[in-house]
Amino acid sequence: MSRFQRICLAHYHEIGLKGHNRASFEKRLLKNLEVLLGAFPVVTIHRISGRICVFLREGTDWGTARECAQLMAKVPGVARVSCGYKCPREIDAMIEAALDAMGDAGEFATFKVHARRNHTDFPVGSMEMNQVIGAALCEARPDAGVRMKDPDLTVGVEVVQNAAYVYGWSERGIGGLPVGSSGKVVCLLSSGIDSPVALWRMARRGATCIGVHFSGRPQTSDASEYLVDDIARVLQKTGCIYRTYTVPMGDMQRQIALDAPPELRIILYRRLMFKVAEELAGRLRAGALVTGESLGQVASQTLDNIRCTDAAVAMPVFRPLIGSDKLDIIQEAQNLGTFAISSQDAPDCCTLFMPRSPETHGKLSVVEEAEGAFPIDQWVQQLADQAEMREYR
């Protein structure tokens, strides 16, 4: 057990490129980490010299520290996270901490030391620290070689105003911007594979994401609603979802299926969904809608049909997956932890009253004429009023 306090350092890239408003992004990331790391033995979290440092309680074991760091790596805004130690600004202490950090790093064949002095009141320069600490590590691990380019292990040493931070084990983060720094969006969230990935991509760009799930209830079971809740619980672990609304629209779909041209059903369903989502977005002061559509993947996602659904709303519609391959989306869903949930069968509004031959090249004038037979404005208000809310961390 090391005599030094364990830390987890969150490194960021894109936030560091910001100008005068950089501090607001750093504060947002710090606040997000405070909430998300509530289950870990965190003493405090501080901004230090272009990093955010999580200080862990005395006696915290390596396994707990690594779990904390691995969760941090999945939080939007974190480009890389490192586990290490806080020690005094003394060369001997830094060498001891570097040996402890090297011991945490696991197996490696090559290494280097990367020291950085952020305050010139410390008398030893960065190059000299590299040499002195590197020599001590070479003596302790004569079996390991020194490599300046692409080593297996980089032992980082950062000297700041009142302490030094030494780390070895590192893991790449997802990068992006901290959630809450880019406004609010409403995401059409199904129990399928695509829409959770689209929501996650928007969260990674700093958006506060609110999911809207359209259920086929009462014409179908509520199984899809439970799957969406399971998906949201995965997303909330890293702060990527704020709230969900469930909108039971089975009765309206049944009416459309009875009275509208069969080939236009899917377009009319989606236009109604977009209108309800826009109504909710207006009430929530959100700035855009988000869908998981990928160009040409299914009948509703052709250029002509996308144009028909977009025309139903005035609000911008973002499609983060529009140019993505299905296999790439599946891989992202697996990495995210939602794929197994989304792979379960559940009837929802997208499969309800599916026509045999859906229109793939809808004409807006024809669609609007068919839509005119229904009390759409009344339905939109009714469905928005009936939306069932659930909040997440």
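The structure under discussion appears in the preceding block.
Reading the values: rules and limits
Per chain, the residues get numbers from 1 upward, laid out in the order the sequence is written. The predicted nature of this model means local features are confined to residues of pLDDT at least 70 and side-chain atom pairs, given and counted, to a pLDDT of 80 or more, with totals for whole chains, interfaces and linings taken over all residues. To get the side-chain values, take all heavy atoms of the structure and skip hydrogens and water. A run of H or I in DSSP becomes a helix once it reaches four residues, and a run of E becomes a strand once it reaches two; helices and strands are each numbered from the N terminus. Residues are treated as being in contact if the distance between any of their heavy atoms lies within 4.5 Å. Note on charges: Lys and Arg go in the positive column, Asp and Glu in the negative column, and His and the chain ends are not counted at all. Taken as the charge centre is NZ of Lys, CZ of Arg, CG of Asp or CD of Glu, depending on the residue. At least two bridges found by DSSP between two strands are what make those strands a pair. Axes here mean lines fitted to C-alpha atoms, for a helix over just the part in contact, with angles spanning 0 to 180 degrees between N-to-C directions. Relative accessibility under 20% of the residue-type maximum defines a buried residue, over 50% an exposed one, and the middle range a partly exposed one, all with a 1.4 Å probe and only protein chains included. N or O atoms closer than or at 3.5 Å make up a polar contact, with two conditions inside protein: a donor-capable atom paired with an acceptor-capable one, and, for residues adjacent in sequence, both atoms drawn from side chains.

Points about the overall build of the chain
Within the chain one finds 13 helices and 14 strands. Projected onto the principal axes, the alpha-carbon positions of the chain cover approximately 80 × 35 × 35 Å. In the chain, the share of contacts with a sequence separation of at least 24, taken over all contacts with a separation of at least 6, comes to 79%. Here the chain carries 44 positive and 46 negative side-chain charges, and the mean point of each set is 4 Å from the other.

Notes on the sheet that holds strand 10 (residues 208-215)
The 6 strands lie next to each other as 13-12-9-10-11-14, forming an open sheet whose pairing is mixed. The open sheet has two edge strands, strand 13 (317-318) and strand 14 (388-391), and neither has a second partner. Note: strand 12 (residues 288-290) against strand 13, 2 bridges, orientation parallel. Along strand 13, the bridge assignment pairs Leu 289 with Val 317.

Section: the sheet that holds strand 2 (residues 42-48)
With mixed pairing, 8 strands are arranged side by side in an open sheet as 2-3-1-4-8-7-5-6. Two strands in the sheet have a free side with no partner beyond their single neighbour: strand 2 and strand 6 (145-146). As paired elements, strand 1 (residues 5-11) and strand 3 (residues 51-56) share 5 bridges and run antiparallel to each other. Note that in strand 3 the partner of Ile 7 across the bridge is Phe 55. Contacts from helix 1 (residues 22-36) reach strand 1, strand 2 and strand 3, with the element oriented near 170° to strand 2. Lying over the sheet, helix 3 (residues 91-104) contacts strand 1, strand 4 (80-87), strand 5 (110-117), strand 7 (153-159) and strand 8 (164-172), oriented at roughly 20° with respect to strand 8.

Things to note about the side chain of Arg 243
Summarising the element assignment, Arg 243 is placed in strand 11 (residues 243-248). Overall, the relative accessible area of 11% leaves Arg 243 in the buried class. A distance of 3.0 Å separates a polar atom in the side chain of Arg 243 from a polar atom in the side chain of Tyr 245. In contact with Arg 243, not counting residues within four places along its chain, are Cys 209, Ile 210, Gly 211, Leu 284, Met 389, Arg 390, Glu 391 and Tyr 392.

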